[in-house]
Amino acid sequence: MMRRNLGDSGIEVSGIGMGCWAIGGPFHNDNGPSGWGEVDDDESTRTVHRALELGVDFFDTADVYGAGHSERVLGRALAGRRDQVAIATKWGWKFDEETKYADGGDDSAAYVRQAVTASLDRLGTDYIDLYQLHMGNLAIDRAAELLGTLEELVAEGKIRAYGWSTDSPERAEAWGRDGAHCAAIQHDFSVIRGSRHGVLEVCERYGLASINRGPLAMGLLTGKYDASTQVGPKDVRASGVGWMTLFGKDGRPSPEDLTRIESVREILTSNGRTLAQGALGWLWAVSDATIPIPGCRTVAQVEDNAGALEKGPLTKAQVGEIEALLAV
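Now for a description of the structure that goes with this document.

The rules we used
Residues numbered from 1 in each chain as written. Predicted model: local features only at pLDDT ≥ 70, side-chain atom pairs only at ≥ 80, totals over all residues. Heavy atoms only, no water. Salt bridge = Lys/Arg side-chain N within 4 Å of Asp/Glu carboxyl O. Helix = DSSP H or I, 4+ residues; strand = E, 2+ residues; numbered from the N terminus. Buried < 20%, exposed > 50% of the residue type's maximum accessible area, 1.4 Å probe, protein only. Pairing = 2+ DSSP bridges. Right-handed = clockwise from strand over helix to strand, strands pointing away. Core = buried A, V, L, I, M, F, W, Y, C linked by side-chain atoms within 4.5 Å. Contact = heavy atoms within 4.5 Å. 1 Å grid on protein atoms, 1.4 Å probe; cavity = no way out; pocket = protein on both sides within 12 Å on 5 of 7 lines; lining within 4 Å. Points joined across faces, edges and corners; volume = space filled by probe spheres on them. Nonpolar A, V, L, I, M, F, W, Y, C, P; charged D, E, K, R; others polar. Patch = residues over 30% accessible without salt bridge, like charges linked within 9 Å, V, L, I, M, F, W, Y side chains within 5 Å. Areas by Shrake-Rupley, 256 points an atom, 1.4 Å probe, with all protein chains shown as cover. Lys, Arg positive; Asp, Glu negative; His and termini not counted. Charge placed at Lys NZ, Arg CZ, Asp CG, Glu CD. Axes fitted to C-alpha atoms, helices over the stretch in contact; angles between N-to-C directions. Parallel < 35°, antiparallel > 145°, perpendicular 65-115°, else oblique. Left-handed = near helix turned anticlockwise from the far one by under 90°.

1. Focus: the pattern of salt bridges
The tally for this structure, following the rule as stated, stands at 26 salt bridges. Across the pair Asp257 and Arg193 runs a salt bridge whose closest N-O atoms are separated by 3.0 Å. On the criterion of sequence distance, the pair formed by Asp257 in helix 8 (residues 255-268) and Arg193 in the loop between strand 12 (182-188) and helix 7 (199-206) is long-range, its members being 64 residues apart. Residue classification places Arg193 among the partly exposed positions, given a relative accessible area of 28%. Connected through shared salt-bridge partners, Glu71, Arg72, Glu97 and Arg122 make up one network.

As structure tokens, this is what we get:
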């Protein structure tokens, strides 16, 4: 079973994690839907349990997913199994659990303590393995002011390590350089959104884990979507927000990205891999620091994702072929 380290924190996890955004269910902000549509909590619980059976022991969520609901579902699913897993969650965005409305961020040190206390309660645990700043574009000097509080939380045993969810190499470097217990950077990274430069290089230079958000390109790399597919109105992929480039405002996949995927499908599905397994194998082959966290909310999805562990990384030659085809 492939294992990887969360930086130099001493925390070892499965080579793949389970992303828990989708199991939070619907929530929204002023821009529209922020979740992935309706969800079945019983199926979510079965999915978490199946992940554990298949050797996946790293679970990534955020307090805002489902306005607290993802953390609550995950906490219930892991009850009695806390010592078998590593839990990562995030803070930074305020929300109302009753209305399911996210109403902006809070970058204050005081809010860190308020947020971690609430997450510990929802997760039903007394410590969080990896606590991540969820405000990806927060000014570096403002983020630096949070490091002291995070170090205090480590000393108090409330968190074991921390990180930043950001796609900015400069922000990643600031915490990699100055954060004594910074163990990871979470960033958008997939075979059609990938690069050997930027955040990944910072992670490798500072010995941080590269936690790969969106490793399956919000579902496009599962092979389930074509030009005629349209996601529902409660799905964030139909929200039309500026960062949503993989799907259009009509909830349909980007034609350009579908074409890019087709150009490398044969390589990704080599040796009996599914398309998703090949996409995950590409991430492992690119760097020893990568830990993809594909989101899933059904047993079938986690079984497909976890199956990539048996297939392992693509070869370096295959990575080279893909780079030539996509210029990634």
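2. Let's talk about the pairing of strand 11 (residues 159-165)
Of all 7 residues making up strand 11, 6 are buried, and the element is well covered by its neighbours. With 5 bridges joining them, strand 10 (residues 128-133) and strand 11 adopt parallel strand pairing. Across the sheet, residue Gln132 finds its bridge partner in strand 11, namely Gly163. In terms of strand pairing, strand 11 meets strand 12 through 4 bridges, oriented parallel. By the bridge assignment for strand 12, Ser165 is matched with Gln186. The handedness of the strand 11 to strand 12 crossover, carried by helix 6 (residues 169-178), is right-handed.

3. Quick look at the nonpolar core
Grouped together as the largest cluster of nonpolar side chains are 88 residues, with contacts concentrated most on Phe59, Trp91, Leu150, Trp175 and Trp282. If one sorts the elements of this core by residue count, helix 9 (residues 275-286) sits on top with 9 residues. Every residue in contact with Leu150, bar those within four places of it in the chain, is listed here: Trp91, Val112, Tyr131, Ile159, Tyr162 and Trp175. Within the second largest apolar cluster, 14 residues are counted, among which are Leu6, Phe58, Ala161 and Ile211.

4. Observations concerning empty space enclosed by the protein
Applying the stated rule across the entire model yields 1 cavity of 30 Å³ or more. Taken as a whole, the largest cavity spans an internal volume of roughly 30 Å³. In this structure, the largest cavity is lined by Ile16, Gly17, Met18, Val56, Pro294, Cys296, Val302 and Asn305. Residues belonging to the lining of the largest cavity are distributed by class as follows: 6 nonpolar, 2 polar and no charged.

5. Examining a negative patch on the surface
Together, Asp30, Asp96, Glu98 and Asp103 make up a negatively charged patch on the protein surface. By the element assignment, Asp30 lies in the loop between strand 4 (28-29) and strand 5 (32-33). Classification of Asp30 as exposed rests on a relative accessible area of 67%.

6. Let's talk about helix 2 (residues 69-77)
Of all 9 residues that make up helix 2, 7 are buried, and the element is covered over most of its length. Every buried residue of helix 2 is accounted for by His69, Ser70, Glu71, Val73, Leu74, Gly75 and Ala77. Against the buried residues of helix 2 lie helix 1 (41-53), strand 6 (58-60), strand 7 (86-91) and helix 3 (109-123).

7. As for the environment of Ala144
For Ala144, the location among the structural elements is in helix 4 (residues 140-144). Residues Ala144 and Ile261, spaced 117 residues apart in sequence, show a C-alpha to C-alpha distance of 39 Å.

8. Topic: the pairing of strand 9 (residues 101-105)
As judged from the 3 bridges shared by strand 8 (residues 93-96) and strand 9, these two strands associate in the antiparallel manner. Opposite Phe95, over in strand 9, you have Ala102 as the bridge partner. Linkage of strand 8 to strand 9, two consecutive antiparallel strands, is achieved through a turn of 4 residues, within which Lys100 is found at a positive phi near 60 degrees.

9. Some points on the environment of Arg213
With respect to the helices, strands and loops of the structure, Arg213 is situated in strand 13 (residues 209-213). For the pair Arg213 and Val202, spaced 11 residues apart in sequence, the C-alpha separation works out to 16 Å.

10. Thoughts on the sheet that holds strand 10
In spatial order, the strands read 3-6-7-10-11-12-13-14; together these 8 strands make up an open sheet with parallel pairing. Two strands in the sheet have a free side with no partner beyond their single neighbour: strand 3 (18-19) and strand 14 (290-292). Across 5 bridges, strand 12 lies against strand 13 in parallel orientation. Looking at strand 13, one finds that His187 is bridged to Asn212. Against the sheet, helix 7 touches strand 12, strand 13 and strand 14, its axis set at about 165 degrees to strand 12.

11. Considering the packing of helix 1 against helix 10 (residues 299-311)
Packed helix pairs are specified by the crossing angle of their axes together with the interaxial distance, meaning the distance between the axes. Contact geometry of helix 1 with helix 10 gives a least axis separation of 8 Å together with a crossing angle of 20 degrees. Taken together, the axes of helix 1 and helix 10 lie roughly parallel to each other. The element helix 1 and its partner helix 10 pack so that their crossing is right-handed. Packed against helix 1, whose contacting residues are Glu43, Arg46, Thr47, Arg50 and Ala51, the element helix 10 presents Val299, Val302 and Glu303 at the interface. Looking at side-chain class alone, the contact of helix 1 with helix 10 contains 3 nonpolar, 1 polar and 4 charged residues.

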